[in-house]
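Inside the fold
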Amino acid sequence: ACGYNTCREKAQAVYEGMADIEMCWPNLRKRAERKGDTIFYNARNIIVMLDGTTRITQINPVAERYFGVKNEDVVGQPVTALHLASDDYAYALATKKDIMARKMHLDKYGLDVMCNIVYIEGDELYVSMQDITEEVKRQKELVQLKKHTVEVAQNVIEKQMRVAQEIASLLGETTAETKVALNKLKDVMLKEGE
């Protein structure tokens, strides 16, 4: 990859100023792996790596914390050891397709997560789960608040309709009484005028 037949030739060229030390395939690979490890271990999401049989190959520290297990205790175990249903993972492996933004509820942990399952060539899966429990809780609370608001509005409407009907009934009664009284007065006035 660097253009030299041996590492010794490359080292000689670097010493003579004819090559850059950074242009070394094994060195670049190690650096990439270190960066990948840094990202894996410092990610804020739950990360689970699975092999072609949905067995756990590695979990990150966030997954250890959420699932209450150590990486070394679950490596080689089926994904069901973490109480995760294997259907989606088996589907991703069978179809060699990613499953993105799948909401899941993890009963055992009381978690709601947004899950991404990424197929990696060579029959591996990269599973990333973002904790959305608080967001789901807020959405449920908002739905409950909306239902309560609708109930209150419906009660106000029904009460207003009852009041309007009672007022209409009273107005009707008093109007009838007034009509009777005025007709009697009219009759009395007409009789006196005769």
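For clarity, every value in this text was computed on a predicted model and none was experimentally measured.

**A closer look at a nonpolar patch on the surface**
Residues Val 163, Ile 167 and Leu 171 make up a contiguous nonpolar surface patch of about 260 Å² in total accessible area. Assignment of secondary structure puts Ile 167 in helix H6 (residues 133-192). Taking relative accessible area as the criterion, Ile 167 reaches 46% and is therefore assigned partly exposed.

**A look at the side chain of Thr 54**
On the secondary structure map, Thr 54 appears in the loop between strand S1 (46-50) and strand S2 (56-59). Among all residues touching Thr 54, those that are not within four sequence positions of it are Gln 77, Pro 78, Val 79, Tyr 89, Ala 90 and Leu 93.

**Looking at the state of the cysteines**
Scanning the entire structure with this criterion turns up 0 disulfides. The cysteine Cys 7 is free of any disulfide, with Cys 24 supplying the nearest cysteine sulfur at 5.7 Å.

**Some words on the pairing of strand S3 (residues 99-106)**
As judged from the 6 bridges shared by S3 and strand S4 (residues 111-120), these two strands associate in the antiparallel manner. Across the sheet, Leu 106 pairs through a bridge with Leu 111, a residue of S4. In this antiparallel pair of consecutive strands, S3 and S4, the connection spans 4 residues, and Gly 110 shows a positive phi of 65°.

**A few points about the pattern of salt bridges**
A complete count under the given rule lists 2 salt bridges for this structure. For the salt bridge of Arg 102 with Asp 88, the shortest nitrogen-to-oxygen distance reads 3.0 Å. Of this pair, Arg 102 sits in strand S3 while Asp 88 is found in helix H5 (residues 87-95), placing the two residues 14 residues apart along the sequence. Judged by relative accessible area, Asp 88 falls into the buried class, the value being 17%. Between Lys 96 and Asp 123 there is a salt bridge, with the nearest N and O atoms lying 3.3 Å from each other. Pair noted here: Lys 96 is in the loop between H5 and S3 and Asp 123 is in the loop between S4 and strand S5 (124-131), with a separation of 27 residues, a long-range link.

About the criteria used
- Residues numbered from 1 in each chain as written.
- Predicted model: local features only at pLDDT ≥ 70, side-chain atom pairs only at ≥ 80, totals over all residues.
- Heavy atoms only, no water.
- Patch = residues over 30% accessible without salt bridge, like charges linked within 9 Å, V, L, I, M, F, W, Y side chains within 5 Å.
- Areas by Shrake-Rupley, 256 points an atom, 1.4 Å probe, with all protein chains shown as cover.
- Salt bridge = Lys/Arg side-chain N within 4 Å of Asp/Glu carboxyl O.
- Helix = DSSP H or I, 4+ residues; strand = E, 2+ residues; numbered from the N terminus.
- Buried < 20%, exposed > 50% of the residue type's maximum accessible area, 1.4 Å probe, protein only.
- Contact = heavy atoms within 4.5 Å.
- Disulfide = S-S within 2.5 Å.
- Pairing = 2+ DSSP bridges.

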